[in-house]
Amino acid sequence: MVKNRKSYKPSYKAQVVLDLLKEEKILAQISSEYKLSPSVVSKWKNIMIKNIEKVFEDTKSKTSHEKKEYEKQIDELYQEIGKLTTQLNWLKKKCGISIIPG
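Residues numbered from 1 in each chain as written. Predicted model: local features only at pLDDT ≥ 70, side-chain atom pairs only at ≥ 80, totals over all residues. Heavy atoms only, no water.

Let's talk about the overall build of the protein
The helix and strand inventory of the protein stands at four helices and zero strands. In summary, the protein has a C-alpha radius of gyration of 29 Å against a globular reference of 13 Å for 102 residues, an excess of more than 25%. Principal axes of the C-alpha set define a box for the protein whose edges measure 85 × 45 × 20 Å. Here the protein holds 102 residues, and 10% of them are scored as buried. Here the analysis covers contacts within the protein between residues at least 6 apart in sequence; of these, 40% occur between residues at least 24 apart. Accessible area for the protein stands at about 9,500 Å²; split by element, carbon and sulfur atoms hold 57% of it. Put simply, the protein has 21 plus and 13 minus side-chain charges, and the middle of one group is 8 Å from the middle of the other. (Helix = DSSP H or I, 4+ residues; strand = E, 2+ residues; numbered from the N terminus. Rg over C-alpha atoms; globule rule 2.2 N^0.38 Å. Buried < 20%, exposed > 50% of the residue type's maximum accessible area, 1.4 Å probe, protein only. Contact = heavy atoms within 4.5 Å. Areas by Shrake-Rupley, 256 points an atom, 1.4 Å probe, with all protein chains shown as cover. Lys, Arg positive; Asp, Glu negative; His and termini not counted. Charge placed at Lys NZ, Arg CZ, Asp CG, Glu CD.)

Printed below as a string of structure tokens:
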């Protein structure tokens, strides 16, 4: 028998962890207040602390880097298309197939 797990929105998890980080209440109080296991609240806290640096990442430079990679990939694909087109035309010529535009 598989036990159904509850799913919580990220905003809810963040609120629970922020309440814990305020240090106005102890873990047991917050867990009881939100009707969560203390281990779940601790796990969420550790996840948040581990990933907190992502909040301060420069998304502008990340987007710029992704755009450059994308453009590089497009250039490579256009080069491949040009190469294949040239090869196809050469083969058509060798086989005597007339090239009809259109």
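Focus: the environment of F56
If you trace the backbone, F56 turns up in the loop between α3 (38-51) and α4 (59-95). We classify F56 as exposed; its relative accessible area is 68%. Distance from F56 to L36, taken between C-alpha atoms, is 29 Å for residues 20 residues apart in sequence.

Regarding the packing of aromatic side chains
In this structure the tally under the stated criterion is four aromatic pairs. Here Y8 and Y12 contribute two aromatic rings whose centre-to-centre distance is 5.3 Å and whose plane-to-plane angle is 15°, an arrangement assigned as stacked. On the basis of relative accessibility, which here comes to 25%, the residue Y8 falls in the partly exposed class. In this structure Y12 comes out as partly exposed when scored by relative accessible area, which is 27%. Each ring, one from Y12 and one from W44, has its centre 6.4 Å from the other, and the planes form 80°; the classification is edge-to-face. Of this pair, Y12 sits in helix α1 (residues 10-21) while W44 sits in helix α3, and the two are 32 residues apart along the sequence. The buried category is assigned to W44, whose relative accessible area is 9%. Each residue in the set Y8, Y12, Y34 and W44 is aromatic and connected to the rest through ring pairs, giving one cluster. (Phe/Tyr/Trp six-rings, centres within 6.5 Å; stacked < 30°, edge-to-face > 60°.)

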